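# Summary of the model geometry
So you can see what is in the structure, the chains are spelled out below.
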Amino acid sequence: MQTQGSDVTTILVFGTVANAIFLGSMGMLISALMGNTVIGYMPLFLYYVLNIGMGLKLGNFYLFSMTVGNFRAKIWLLAAGVLMIMVSLFSTRILQKHT
């Protein structure tokens, strides 16, 4: 990509990965809590639309924060994503023991 003059930098790749982990973990958590994979996708769609509509009012949880130059918000998204993964794995383990 660099030899072709791409403007994609390491920080942009990190931001994209942070968004993916955050959205994926949100779906994973909702799916684990509800016990239904399809239900896990619905809140993600609503959250994405909320980001388009509310924008900067979401603060550090604004998915498109890099468009306004805020790269620090991606750390929050990554941390929240990792936390949601841990909670979903823990809750899945707890629910499996009770069934």
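For the structure itself, look to the data block above.
Description of the structure in this document. Just so it is clear, the structure is predicted and the values come from calculations on it, not from any experiment.

## Focus on helix 2 (residues 37-54)
When the terminal C-alpha atoms of helix 2 are compared, their 27 Å separation across 18 residues agrees well with the 26 Å that a helix rising 1.5 Å per residue should span. Where helix 2 is concerned, the buried positions are Gly 40, Leu 44, Tyr 47 and Asn 51. Down the axis, helix 2 shows its buried residues gathered within 60° of arc, on one side only. Among the exposed residues of helix 2, those pointing more than 90 degrees away from its buried face are Val 38, Phe 45, Leu 46, Ile 52 and Gly 53. Those residues of helix 2 that are buried are in contact with helix 1 (10-34). Sitting at the head of helix 2, Asn 36 places a side-chain oxygen 3.0 Å from the backbone nitrogen of Val 38. Positive phi appears at Gly 55, one or two residues downstream of helix 2, with a value of about 60°.

## Details of the environment of Ser 31
Here Ser 31 is to be found in helix 1. Exposure remark for Ser 31: the relative accessible area of 17% places this residue in the buried category. As a C-alpha pair, Ser 31 and Tyr 62 span 31 residues in sequence and 22 Å in three-dimensional space. Beyond its immediate chain neighbours, meaning those up to four positions away, Ser 31 contacts Asn 36, Thr 37 and Gly 40.

## Details of a nonpolar patch on the surface
Taken together, the side chains of Leu 33, Met 34, Val 38, Ile 39 and Met 42 define a hydrophobic patch exposed on the protein surface, amounting to about 490 Å² of accessible area. The element best represented in the nonpolar patch is helix 2, accounting for three residues. Within the secondary structure, Met 34 sits in helix 1.

## What about the nonpolar core?
Listed in full, the ten residues of the largest apolar core are Phe 22, Met 26, Leu 29, Ile 30, Leu 44, Tyr 47, Leu 63, Leu 77, Ala 80 and Met 84. Counting only elements with at least two residues in this core, the list comes to helix 1, helix 2 and helix 3 (73-97). Looking at this core, the element that brings in the most residues is helix 1, giving four residues. Excluding residues that lie within four positions of it along the chain, Phe 22 makes contacts with Tyr 47, Phe 61, Leu 63, Leu 77, Ala 80, Gly 81 and Met 84.

## Observations concerning the packing of aromatic side chains
As enumerated under the stated definition, the model contains four aromatic pairs in all. With centroids separated by 5.6 Å and ring planes inclined at 55°, the aromatic side chains of Phe 22 and Tyr 47 adopt a geometry described as tilted. In this pair, Phe 22 sits in helix 1 while Tyr 47 sits in helix 2, placing the two residues 25 residues apart along the sequence. Of the two residues, Phe 22 and Tyr 47, neither departs from the other in class, the shared state being buried. Ring geometry for Tyr 48 and Phe 64: centres 5.4 Å apart, planes at 85°, overall edge-to-face. Here Tyr 48 is found in helix 2, whereas its partner Phe 64 is found in the loop between helix 2 and helix 3, with 16 residues between them in sequence. Note on Phe 64: relative accessible area 24%, which makes it partly exposed.

Procedures and definitions
- Residues numbered from 1 in each chain as written.
- Predicted model: local features only at pLDDT ≥ 70, side-chain atom pairs only at ≥ 80, totals over all residues.
- Heavy atoms only, no water.
- Helix = DSSP H or I, 4+ residues; strand = E, 2+ residues; numbered from the N terminus.
- Expected span 1.5 Å × (residues − 1).
- Buried < 20%, exposed > 50% of the residue type's maximum accessible area, 1.4 Å probe, protein only.
- Arc of directions from axis to C-beta.
- Contact = heavy atoms within 4.5 Å.
- Polar contact = N/O pair within 3.5 Å; in protein donor to acceptor, adjacent residues only side chain to side chain.
- Patch = residues over 30% accessible without salt bridge, like charges linked within 9 Å, V, L, I, M, F, W, Y side chains within 5 Å.
- Areas by Shrake-Rupley, 256 points an atom, 1.4 Å probe, with all protein chains shown as cover.
- Salt bridge = Lys/Arg side-chain N within 4 Å of Asp/Glu carboxyl O.
- Core = buried A, V, L, I, M, F, W, Y, C linked by side-chain atoms within 4.5 Å.
- Phe/Tyr/Trp six-rings, centres within 6.5 Å; stacked < 30°, edge-to-face > 60°.

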